[in-house]
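# Structural characterization, general
Below are the chains, spelled out letter by letter.
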Amino acid sequence: MPPPPKRGGGAGLVIGLIGGGVAVLVIIAVVVLIVANGGGKSPEEKLTAAASNMDTADVVQLKGTFGGSDTLRGELNVTKGGRAMGPVSWNGDQVTVLSADGKLFVKADKSYWTRQISATDDPFFLTTGEQWGRLGDDELDLDFKTQLSPSALASKIRSARTSSVKPIETTWQGQKALKFSTFSSTLYITDDDDSKLLRYEATTPRVAVDVTPKDSGDASTVISNMRTNMGELKDSFNGEARPTVDEWKRGGCNGNSGCTVEAKIRPPYDVEKPVTIDVRFRITASTLTGRDLGNCTTRITITGTDSQWASCRVTSAAWTSWAKATGGTFYKHAQYKVIGATSSEVQALQNGLDSE
């Protein structure tokens, strides 16, 4: 009788005799099935990673479109404190926007401000270059701190985890991405374990922007540049404030040496007090559009709602010549430059950056 076969691992051989002694070789194979497991984080975990990465950013760069009826197109850097600045096209005009602490400033050329101010006379304070002017904070239907700051975007990312709609595998700007859609927004994040937000689109507020978180070095540069621009606001004007003359004072213009012009100025109703105003008085001969006889400028600061007197003296060769030659009827005009930001307001804006 032959010895039993030896046992081994893996595949084995079994030899047996059937019938007339014919040896039959039976091969038994042991098959090992290996199921590959891709591993990695789930889409929800990738959203969590993207939110955490956004939370750590000091500044986020947003490039695209912002706003509803008044649409901005361009690039804005938004700090964690909700301060925003950058070059944009605003309804076709190329401007720089600075929004900080509830105040909105725009840097633009003379043609833009001439249209914004809509004065009957050419505003005396406008120059040929770009200037900072202040607009009402309701000119933009955006609250950068609560809607587009790094922490606000992180919150939007976390909210996407509750969506019942499954993410779509796609690409954005050449990167593999996951697209998440909710009732009010669409987000693209990188399709990797250390995920980052690539794009954010929303209906409230209406935005569609590519997103780039800034590292600490780039963020410091952005904040330093913002501080410098805030320093320029000491020369800004309020493009929407409209003071008026409450009362003209008679007299003061009886000689040919000059004319003292005095008027009671009513402050604009929609600006914070105290408000500083440069008042330019101008005189024309015979008619409202007559020969220019000269001007003078004075500065007043109004602390409350009551009107305040402003005065200065016009001394010019044109006045002297006209008064000596013919004299007669003349008309007084008043123009205003309402200061956009006082020294204390500029200091407060810059101090606010210390917390960034």
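The following refers to the structure shown. Owing to the predicted nature of the structure, the values given are computational and were not obtained by experimental measurement. (Residues numbered from 1 in each chain as written. Predicted model: local features only at pLDDT ≥ 70, side-chain atom pairs only at ≥ 80, totals over all residues. Heavy atoms only, no water.)

## Thoughts on the nonpolar core
- Trp90 and Tyr200 are the most contacted members of the largest nonpolar core, which totals 43 residues.
- Among the elements that line this core, the one with the most residues is helix H1 (residues 43-55), at four residues.
- Counting residues in each nonpolar core, the second largest holds 24 residues, with Val275, Phe281, Ala285 and Ala310 among its members. (Core = buried A, V, L, I, M, F, W, Y, C linked by side-chain atoms within 4.5 Å. Buried < 20%, exposed > 50% of the residue type's maximum accessible area, 1.4 Å probe, protein only. Helix = DSSP H or I, 4+ residues; strand = E, 2+ residues; numbered from the N terminus.)

## What to know about the sheet that holds strand E15 (residues 244-248)
- Strand order in the open sheet made by the three strands is E15-E16-E19, with antiparallel pairing throughout. If you trace the sheet from one side to the other, it starts and ends with E15 and strand E19 (308-314), each paired once. Going across the sheet, the axis of each strand differs from the next one's by a mean of 40 degrees, ignoring polarity. (Pairing = 2+ DSSP bridges. Axes fitted to C-alpha atoms, helices over the stretch in contact; angles between N-to-C directions.)

## Focus on the pattern of salt bridges
- Evaluated as defined, the whole model comprises 17 salt bridges.
- With its nearest N and O atoms 3.0 Å apart, the salt bridge here joins arginine 83 to aspartate 101. Here arginine 83, found in the loop between strand E4 (72-79) and strand E5 (84-90), pairs with aspartate 101, found in the loop between strand E6 (93-100) and strand E7 (103-108); they are 18 residues apart in sequence, far enough to count as distant.
- Owing to a relative accessible area of 39%, aspartate 101 belongs among the partly exposed residues under this scheme.
- One salt bridge in this structure joins glutamate 356 and arginine 83, with 2.6 Å as the shortest N-O distance. With glutamate 356 in the segment after helix H7 (343-352) and arginine 83 in the loop between E4 and E5, this residue pair connects regions lying 273 residues apart in the sequence.
- Glutamate 356 sits in the buried class, given a relative accessible area of 18%.
- The structure contains a network of salt bridges with shared partners spanning Arg83, Asp101 and Glu356. (Salt bridge = Lys/Arg side-chain N within 4 Å of Asp/Glu carboxyl O.)

## Some thoughts on the packing of aromatic side chains
- On inspection of all chains with the given rule, the structure shows nine aromatic pairs.
- Measuring from ring centre to ring centre gives 4.9 Å for phenylalanine 125 and phenylalanine 237, while their planes differ by 50 degrees; the resulting arrangement is tilted. Placement of phenylalanine 125 in the loop between helix H2 (110-117) and strand E8 (131-135) and of phenylalanine 237 in strand E14 (residues 237-238) is noted, with a sequence separation of 112 residues between them.
- When its relative accessible area of 1% is taken as the criterion, phenylalanine 237 is described as buried.
- Both rings, one in tryptophan 248 and one in phenylalanine 281, keep their centres 5.8 Å apart while their planes meet at 55 degrees; by these two values the pair is tilted. Of this pair, tryptophan 248 sits in strand E15 while phenylalanine 281 sits in strand E17 (residues 275-285), placing them 33 residues apart in sequence.
- On the basis of relative accessible area, tryptophan 248 is assigned to the partly exposed category, the value being 32%.
- Three or more aromatic residues link up through ring pairs in this structure, and these residues are Tyr112, Trp113, Phe124, Phe125 and Phe237. (Phe/Tyr/Trp six-rings, centres within 6.5 Å; stacked < 30°, edge-to-face > 60°.)

## Here's the deal with the side chain of threonine 298
- By the element assignment, threonine 298 lies in strand E18 (residues 292-302).
- Those residues in contact with threonine 298, other than ones at most four positions away along the chain, are Ile277, Asp278, Val279, Ala310, Ser311 and Cys312. (Contact = heavy atoms within 4.5 Å.)

## What about the state of the cysteines?
- Tallying each qualifying case throughout the model produces two disulfides.
- The residue that forms a disulfide with cysteine 253 is cysteine 259, at a sulfur-sulfur distance of 1.6 Å. Here the S-S torsion is close to 50 degrees, and the disulfide linking cysteine 253 with cysteine 259 is therefore right-handed.
- For cysteine 259, a relative accessible area of 0% corresponds to the buried category.
- What pairs with cysteine 296 in a disulfide is cysteine 312, and their sulfur atoms sit 1.9 Å apart. Taking the torsion about the sulfur-sulfur bond, which here is approximately 75 degrees, the covalent link between cysteine 296 and cysteine 312 counts as right-handed. In this pair, cysteine 296 is assigned in strand E18 and cysteine 312 in strand E19, connecting sequence segments 16 residues apart. (Disulfide = S-S within 2.5 Å.)

## Things to note about the environment of arginine 280
- In this fold, arginine 280 is placed in strand E17.
- For arginine 280, a relative accessible area of 26% translates into the label partly exposed.
- Separated by 30 residues in the primary sequence, arginine 280 and alanine 310 have C-alpha atoms spaced 9.6 Å apart.
- Within the structure, the side chain of arginine 280 is placed 3.0 Å from the side chain of threonine 297, a separation counted as a polar contact. (Polar contact = N/O pair within 3.5 Å; in protein donor to acceptor, adjacent residues only side chain to side chain.)

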